[in-house]
Amino acid sequence: MSGPQEPMESLYPFLYSGGADLDAVMTAVRQSTVDKAGEIVALRQSVLERDGARLAACAQAMAAAFERGGRLFSFGNGGSSTDAQEVAALFLNPGGGALPLPAFALTADVAVVTALANDIGFEVVFARQLAASARAGDIAFGLSTSGNSRNLIAGFQEADRRGMVTVGLAGYDGGQMAELGTIDHLFVVPSSSVHRIQEAQTTVYHALWELTQDALGRRGTVPPPRSS
């Protein structure tokens with residue numbers, strides 16, 4: 001087969017082998033699932049071993065920012081956009097007995113995103129929103145699989161200019177995000193698989209949320225309200 005089916009064939013070759021042995025196909029499917037689960041568990045473990053202390057330090061910095069009335073602004077493209085919205089929802093409306101914290105996803109307002117993209121250019125959709133709404137002491141939380149998205153880089157540059165706490169999640173070798181040198185807390189998932197990167201990044205930002213909640217709980221403080 002060729003064309004659009006090639007990517008699927010590379011991921012699931014046993015479905016395109018031309019055989020009709022259902023038992024063999026099911027065995028291959030089960031083994032593929034086991035292999036992928038093992039891969040993501042190992043990747044998460046390696047990230048924890050390498051970055052565990054840095055995750056704790058990042059959460060302390062985020063807790064301190066929230067204590068001072070800071071707000072979290074999350075952003076990303078494509079699948080990372082949905083993760084950015086999940087980050088904002090997690091902090092803002094965690095449910096249970098967890099402390100709600102002010103958080104906004106810069107991809108949530110379609111009118112703003114499309115207006116900026118149409119009138120100025122897509123590379124500024126995050127930077128312009130931060131310039132308009134963010135202040136020193138707020139948190140910029142950007143996610144990318146490649147680390148090379150131009151609008152993310154521009155967003156982090158604007159966040160640095162504004163004195164924000166900057167948190168970045170990237171994959172591969174970190175790309176341009178790693179080269180910036182101005183992201184306070186950068187966590188790179190060392191994988192070339194977009195699927196594995198995003199799965200591990202989900203674990204990273206949930207860990208940061210839990211650690212931030214724990215840090216605020218230990219301090220026994222409630223973040224003060226902040227005027228718009």
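These figures come from a predicted structure and were not determined experimentally.

What counts, and where the lines are drawn
- Residues numbered from 1 in each chain as written.
- Predicted model: local features only at pLDDT ≥ 70, side-chain atom pairs only at ≥ 80, totals over all residues.
- Heavy atoms only, no water.
- Helix = DSSP H or I, 4+ residues; strand = E, 2+ residues; numbered from the N terminus.
- Buried < 20%, exposed > 50% of the residue type's maximum accessible area, 1.4 Å probe, protein only.
- Contact = heavy atoms within 4.5 Å.
- Areas by Shrake-Rupley, 256 points an atom, 1.4 Å probe, with all protein chains shown as cover.
- Core = buried A, V, L, I, M, F, W, Y, C linked by side-chain atoms within 4.5 Å.
- Phe/Tyr/Trp six-rings, centres within 6.5 Å; stacked < 30°, edge-to-face > 60°.
- Pairing = 2+ DSSP bridges.
- Right-handed = clockwise from strand over helix to strand, strands pointing away.
- Axes fitted to C-alpha atoms, helices over the stretch in contact; angles between N-to-C directions.
- Polar contact = N/O pair within 3.5 Å; in protein donor to acceptor, adjacent residues only side chain to side chain.

Scanning the chain from N- to C-terminus turns up eight helices and five strands. Residues counted as buried form 43% of the 228 residues belonging to the chain. Sequence-distant contacts in the chain: of pairs separated by 6 or more residues, those separated by 24 or more amount to 69%. Per element, the accessible surface of the chain, about 11400 Å² overall, is 55% carbon and sulfur.

We now examine the nonpolar core. Ranked by size, the top nonpolar core spans 29 residues in total, and within it Leu72, Phe91, Phe141 and Val167 carry the most contacts. Looking at this core, the elements that each hand over two or more residues are helix H2 (22-67), helix H3 (79-92), strand E2 (103-105), strand E3 (139-143), strand E4 (165-171) and helix H8 (194-219). The dominant element in this core, judged by the number of residues it contributes, is H2, at seven residues. With residues near it in sequence (within four places) discarded, Val167 still touches Cys58, Met62, Ile139, Ala140, Phe141, Gly142, Phe156, Ile183, His185, Phe187 and Leu208. Counting 20 residues, the second largest nonpolar core, distinct from the first, contains Leu106, Leu130, Ala140 and Leu152.

This part takes up the packing of aromatic side chains. For the coordinates displayed, the defined rule picks out four aromatic pairs. Grouped by ring-pair contacts, the aromatic residues Phe75, Phe126 and Phe156 constitute a single cluster.

We now examine the side chain of Ser80. Tracing the chain through its elements places Ser80 in helix H3. Not counting residues within four places of it along the chain, the set of residues in contact with Ser80 comprises Leu143, Ser144, Thr145 and Gln198.

Quick look at the pairing of strand E5 (residues 185-189) now. Burial analysis of E5 places five of its five residues in the buried class, the great majority of the element. Going residue by residue along E5, you find His185, Phe187 and Val189 tucked away on one face and Leu186 and Val188 tucked away on the opposite face as well. As paired elements, E4 and E5 share five bridges and run parallel to each other. By the bridge assignment, Gly168 is partnered in E5 with Leu186. Remark: the E4/helix H7 (residues 175-180)/E5 crossover connection has right-handed handedness.

With respect to topology, five strands assemble into an open sheet ordered E2-E1-E3-E4-E5, the strand pairing being parallel. Of all strands in the sheet, those with a lone pairing partner are E2 and E5, marking the two edges. In this sheet, adjacent strand axes meet at a mean angle of 15° when their direction is disregarded. Docked against the sheet, H3 engages strand E1 (72-76), E2 and E3, running at close to 160° with respect to E1. Contacts from helix H6 (residues 150-161) reach E1, E3 and E4, with the element oriented near 165° to E3.

With that settled, consider helix H4 (residues 110-119). The N-cap of H4, judged by a side-chain oxygen 3.2 Å from the amide nitrogen of Ala111 a few residues on, is Asp109. With its phi angle positive at about 155°, Gly121 sits one or two positions after the end of H4.

As a further point, take the environment of Asp109. With respect to the element layout, Asp109 can be found in the loop between E2 and H4. Classification of Asp109 by relative accessible area gives partly exposed; the value is 39%. Within the structure, the side chain of Asp109 is placed 3.2 Å from the backbone nitrogen of Ala111, a separation counted as a polar contact.

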